[in-house]
Amino acid sequence: MRTVSRVLWAIAGILLMVCGVVCLSQPMAALGTLSLLLGIAMLFSGVVDILIFAKGRNLMFGSGWFLADGLITVIFSLFLLFNQAFTTLTLPFIFGMWLLVSGISKFVNSFDLRCFGVRGWGWFTALGILLAVMGFCTLLDPVLGAVTLSVLVGVLLIVQGVASILRACFSGRFLR
């Protein structure tokens, strides 16, 4: 279970970070394909969280938060993948909502980890706050968000990738 969890979280983190680097290095091309890239990366990340919940829900502290984050991520990713035309107009809102919800989920989960004495819980608190703040900022000015979205998405995908890789690194501490 530990090895599978670590590998899946690491793969999800690397995929998210690669998508982030692509968005940063090719912002004009990224705007045209952003919803597809984002949808695929989010779908994989959400499915990984759901699979890890299914395999280790009885072995992990705060596993319900992994399931909630995974389900919400899958729902947002399916919306992105199956509504390409509409998504282009609403991408800043969808992305902002995803970051806000995911950040809040990670923030709340960090306190469950703290209660169980898991070392490294502060990293999840900081990442949760960062993701929630960035999601909120994206929702505040969607027009500006649409213009700078590829850069913002690139940076935030890298942050989400780091969060996933941290889960891989600290997954041994989540298990009972």
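Residue positions are counted from 1 within each chain, in the order its sequence is given. Two thresholds apply to this predicted model, a pLDDT of at least 70 for residue-level local features and 80 or more for giving and counting side-chain atom pairs, whereas whole-chain, interface and lining totals are computed over all residues. Hydrogens are left out, water is left out, and the side-chain values use all remaining heavy atoms of the structure.

Q: Any chance you could explain empty space enclosed by the protein here in plain terms?
A: The method is simple in principle: a probe with the dimensions of a water molecule rolls over the atoms, and the space it marks as empty is what remains. Any residue with an atom within 4 Å of a point lines the site, the site being either a cavity, points on a 1 Å grid over the protein atoms alone where a 1.4 Å probe fits but cannot get out, or a pocket, an open set with protein on both sides within 12 Å along at least 5 of 7 lines. Grid points are joined across faces, edges and corners, and a volume is the space filled by probe spheres set on the points. Counted according to the given criterion, the structure contains one cavity of 30 Å³ or more. If you add up the space inside the largest cavity, you get close to 100 Å³. Contributing to the lining of the largest cavity are 15 residues, with Ser-45, Asp-49, Lys-106, Ser-164 and Arg-167 lying nearest its centre. Mapped by element, the contributors of at least two residues to the lining of the largest cavity are helix H1 (2–25), helix H2 (27–56), helix H3 (63–82), helix H4 (84–115) and helix H7 (149–174). Helix and strand definitions here come from DSSP, where helices need a minimum of 4 consecutive H or I residues and strands a minimum of 2 consecutive E residues; each element is numbered from the N-terminal end. For the lining of the largest cavity, the leading source of residues is H7, giving four residues. Residue composition of the lining of the largest cavity, grouped by class: six nonpolar, five polar and four charged. In this classification, the charged set is Asp, Glu, Lys and Arg, the nonpolar set is Ala, Val, Leu, Ile, Met, Phe, Trp, Tyr, Cys and Pro, and all remaining amino acids, among them Gly, are polar.

Q: Would you mind showing me how to read the packing of aromatic side chains here?
A: Any two aromatic rings considered together are summarised by their centre-to-centre distance and by the angle between their planes. Any two of the Phe, Tyr and Trp rings considered here, Trp counted by its six-membered ring, make a pair once their centres fall within 6.5 Å; the pair's planes then place it as stacked at under 30 degrees, edge-to-face at over 60, or tilted in between. Under the criterion given, the structure shown has three aromatic pairs. Where Phe-124 meets Phe-170, the ring centres are 6.5 Å apart and the plane angle is 65 degrees; that geometry is what we call edge-to-face. Placement of the pair is Phe-124 in helix H5 (residues 121–140) and Phe-170 in helix H7, with a sequence separation of 46 residues. Here Phe-124 matches Phe-170 in class, with each residue buried. A network of ring pairs unites the aromatic residues Phe-107, Phe-111 and Trp-121 as a single cluster. Buried means the residue's accessible area, taken with a 1.4 Å probe over protein chains only, is under 20% of the maximum for its type, while exposed means over 50%, and partly exposed covers the values in between.

Q: Can you walk me through a nonpolar patch on the surface in this structure?
A: A residue counts toward a patch only above 30% relative accessible area and without a salt bridge, and it is joined to like-charged neighbours within 9 Å or, for Val, Leu, Ile, Met, Phe, Trp and Tyr, to nonpolar neighbours within 5 Å. Residue burial considers only the protein chains on display, and all accessible areas are found by Shrake-Rupley using a 1.4 Å probe. A side-chain nitrogen of Lys or Arg and a carboxyl oxygen of Asp or Glu constitute a salt bridge if their distance falls within 4 Å. A cluster of nonpolar residues, Ile-14, Val-18 and Val-22, forms a patch on the protein surface that exposes about 230 Å² of accessible area. Assignment of secondary structure puts Ile-14 in helix H1. Classification of Ile-14 as partly exposed rests on a relative accessible area of 48%.

Q: Help me out: how do you make sense of H3 in this one?
A: Side chains three or four residues apart in an α-helix point the same way, a direct result of the helix having 3.6 residues per turn. Helix span is expected to be 1.5 Å times the residue number reduced by one. Taking 1.5 Å of rise per residue, the 20 residues of H3 would be expected to cover 28 Å, and the 29 Å separating its terminal C-alpha atoms lies within 8% of that figure. Among the residues making up H3, those that are buried are Ser-63, Phe-66, Asp-69, Gly-70, Thr-73, Val-74, Phe-76, Ser-77, Leu-80 and Leu-81.

Q: Please clarify how the side chain of Lys-106 should be interpreted in this entry.
A: Structurally, Lys-106 is set in helix H4. Contact between two residues is taken to exist if any of their heavy atoms lie within 4.5 Å; hydrogens are not considered. Discounting residues that sit within four places of it in the chain, Lys-106 has contacts with Asp-69, Phe-124, Gly-128, Leu-131, Gln-160, Ala-163 and Arg-167.

Q: Can you walk me through the pattern of salt bridges in this structure?
A: Any two side chains of opposite charge can pair, on the condition that their charged atoms come close. Tallied over the entire structure, the rule returns three salt bridges. Residues Lys-106 and Asp-69 are paired through a salt bridge, measuring 2.7 Å at the closest nitrogen-oxygen approach. Of this pair, Lys-106 sits in helix H4 while Asp-69 sits in helix H3, and the two are 37 residues apart along the sequence. One exposure class covers both Lys-106 and Asp-69, and it is buried. Across the pair Arg-167 and Asp-69 runs a salt bridge whose closest N-O atoms are separated by 3.6 Å. On the criterion of sequence distance, the pair formed by Arg-167 in helix H7 and Asp-69 in helix H3 is long-range, its members being 98 residues apart. Judged by relative accessible area, which is 4%, Arg-167 ranks as buried. Within the structure, one salt-bridge network assembled from shared partners comprises Asp-49, Asp-69, Lys-106 and Arg-167.

Q: How should I be thinking about H5 in this particular structure?
A: If you check H5, its first and last C-alpha atoms are 29 Å apart, about what 20 residues at 1.5 Å a residue would give, namely 28 Å. Turning to H5, its buried residues are Phe-124, Thr-125, Leu-127, Gly-128, Leu-131, Ala-132, Gly-135 and Thr-138.

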